[in-house]
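Structural overview for review
What follows is the residue order along each chain.
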Amino acid sequence: AEKAASDPSYKPTSKIFDEFALTDRVGIVTGGNAGIGLEIALAFCEAGARAVYCLDIASAPSEEWTACRDFVEKLGNGSRLEYVAADVRDQKAMWKAVEEIGDREQRVDMCVANAGVLRPPIPCLEVTTAQFQDVMGINVNGVLYTAQAAGRQMSRFGRPGSIITIGSISGSLTNRDHAWIPYNTSKSAVLQMTRSLACELGPKNIRVNSLSPGYIYTNMTKAFLDRTPGQLEIWSDLNPLKRIGRPNELRGVATWLASDASSFCTGSDILVSGGHHAW
Ligand code: NDP
């Protein structure tokens, strides 16, 4: 900007979209077999990533994932969408799975700790230890193990990295009808874990941010929205845009967070909620 101001003949060489390019980068996305994770993985491939590994609990990828892999092959930009069966609750297995990706690709640059579950609501005075630990084990422990696995590989290759944890509007707001104690508590923990990881990993040039969606229409929410007539309208009324979000509406922000365009952003929570949080 200084050069442009002092020299009227100065022509900038870098275009803003170049800063969003993920050319040659390697990413992992947990819960990447469906929904938000798969959309983000696809976006990374479209932005030029060399390979994006979707880690998910299913032993084999979904038809939707396979269709996306075929789509990526047709992009013709050399990008690959890969599938690895892995359970985020298993710390050792996660470290090993991501280490093997590091061995194969000789780099890991981006990680989206996205796998998460929302169980049916239970009144807060009745939640059992097993019900609480079920959700915490995936939504909190799983995010930690994923971030550790990726951070270890980013450090191993001494490269800058971007870790994105998927939080939720429910990490800061409470649902109107149910406290949804395990889920909301888990997502609050993700936000604080993200800030803590950002502080510790910042000196290694590994950035850690959370991306917190509002209500998005995926398998997770379909279970609730489609079961009760009128539920879609009720949830849509919870934000100023008056609708549920689509999983592809997280693509741009996730790509920005993974890319050099967000190089000074760490320890932040980015809300994409249709304005739900503003009410
Ligand atoms: P989906 O259920 O569509 O996708 C989540 C994926 O994670 C599924 O493929 C699921 O597999 C997988 N998964 C579940 N448990 C594990 C595990 N132990 N190890 C590995 N993978 C696992 O949900 P969304 O795409 O909607 O959710 C993605 C993230 O976004 C979650 O963290 C969620 O909390 C968050 N979020 C979602 C919102 C929404 O409105 N949809 C709102 C705010 C946040 P399977 O289906 O086989 O269980």
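Residues numbered from 1 in each chain as written. Predicted model: local features only at pLDDT ≥ 70, side-chain atom pairs only at ≥ 80, totals over all residues. Heavy atoms only, no water.

What follows concerns the overall build of the protein chain. A tally of regular secondary structure across the protein chain gives nine helices and seven strands. In terms of C-alpha radius of gyration, the protein chain reaches 19 Å, essentially the compact-globule figure of 19 Å for 279 residues. Dimensions along the principal axes, computed over C-alpha positions, put the protein chain at roughly 65 × 45 × 40 Å. Each of the 279 residues in the protein chain was classed as buried or not, and the buried ones make up 47%. Sequence-distant contacts in the protein chain: of pairs separated by 6 or more residues, those separated by 24 or more amount to 79%. With an accessible surface of roughly 13,700 Å², the protein chain has 54% of that area assigned to carbon and sulfur atoms. (Helix = DSSP H or I, 4+ residues; strand = E, 2+ residues; numbered from the N terminus. Rg over C-alpha atoms; globule rule 2.2 N^0.38 Å. Buried < 20%, exposed > 50% of the residue type's maximum accessible area, 1.4 Å probe, protein only. Contact = heavy atoms within 4.5 Å. Areas by Shrake-Rupley, 256 points an atom, 1.4 Å probe, with all protein chains shown as cover.)

Enumeration according to the criterion identifies three aromatic pairs in this entry. Centroid distance Trp65 to Tyr83: 5.6 Å. Interplanar angle 70 degrees. Geometry classified as edge-to-face. Here the residue Trp65 occupies a position in helix α3 (residues 63-75), and Tyr83 occupies one in strand β3 (residues 80-85), the gap between them amounting to 18 residues. For Tyr83, a relative accessible area of 17% translates into the label buried. (Phe/Tyr/Trp six-rings, centres within 6.5 Å; stacked < 30°, edge-to-face > 60°.)

In a soluble, globular protein the nonpolar side chains are often hidden away together inside. Ile28, Tyr53, Leu55, Ile101, Met154 and Ile163 are the most contacted members of the largest nonpolar core, which totals 33 residues. Of all the secondary-structure elements, those providing two or more residues to this core are β1 (26-30), β2 (51-56), α4 (91-105), β4 (110-113), α5 (129-156), α6 (181-201) and β6 (206-213). The element contributing the most residues to this core is α5, with nine residues. Setting aside anything within four residues of it in sequence, one finds Met154 in contact with Val108, Asp109, Met110, Cys111, Arg159, Gly161, Ser162, Ile163 and Ile206. (Core = buried A, V, L, I, M, F, W, Y, C linked by side-chain atoms within 4.5 Å.)

Mapped onto the secondary structure, His276 falls in the segment after β7 (269-272). Given a relative accessible area of 10%, His276 falls into the buried group. If sequence neighbours within four positions are ignored, His276 has contacts with Ile169, Leu173, Tyr215, Leu238, Asn239 and Pro240.

One open sheet accounts for seven strands, arranged β3-β2-β1-β4-β5-β6-β7; its pairing is parallel. The open sheet has two edge strands with one neighbour each: β3 and β7. When strand polarity is set aside, the average angle formed by the axes of neighbouring strands in this sheet is 20 degrees. Pairing of β1 with β2 involves five bridges; the strand directions are parallel. What sits directly across from Gly27, in β2, is Val52. Across the sheet, α3 is in contact with β2 and β3; its angle to β3 comes to roughly 150 degrees. Its contacts with the sheet place α6 against β5 (161-166), β6 and β7, and it is angled at close to 160 degrees to β6. (Pairing = 2+ DSSP bridges. Axes fitted to C-alpha atoms, helices over the stretch in contact; angles between N-to-C directions.)

Moving on: the pairing of β4. Of the two faces of β4, the one holding Met110 and Val112 and the one holding Cys111 and Ala113 are both buried throughout. Two strands pair when backbone bridges link them, and β1 and β4 are joined in this way by three bridges, in the parallel orientation. Residue Val29 lies in a different strand from β4, and its bridge partner there is Val112. Pairing of β4 with β5 involves four bridges; the strand directions are parallel.

Moving on to the site of the ligand. In the neighbourhood of the ligand, 27 residues make up the surrounding shell, with Asp56, Asn114, Tyr183, Ile216 and Thr218 lying closest. Here Tyr183 contributes a side-chain N or O atom positioned 2.6 Å from an oxygen atom of the ligand. In this structure, Lys187 approaches the ligand through a side-chain N or O atom, which is 2.9 Å from an oxygen atom. Contact with the protein chains removes 87% of the 880 Å² of surface that the ligand exposes when unbound. The set of elements that each furnish at least two residues to the shell around the ligand consists of α2 (35-46), α6 and α7 (219-225). It is α7 that contributes the most residues to the shell around the ligand, three residues altogether. The residue makeup of the shell around the ligand, split by class, is 13 nonpolar, 10 polar and four charged. (Near = heavy atom within 4 Å. Polar contact = N/O pair within 3.5 Å; in protein donor to acceptor, adjacent residues only side chain to side chain. Nonpolar A, V, L, I, M, F, W, Y, C, P; charged D, E, K, R; others polar.)

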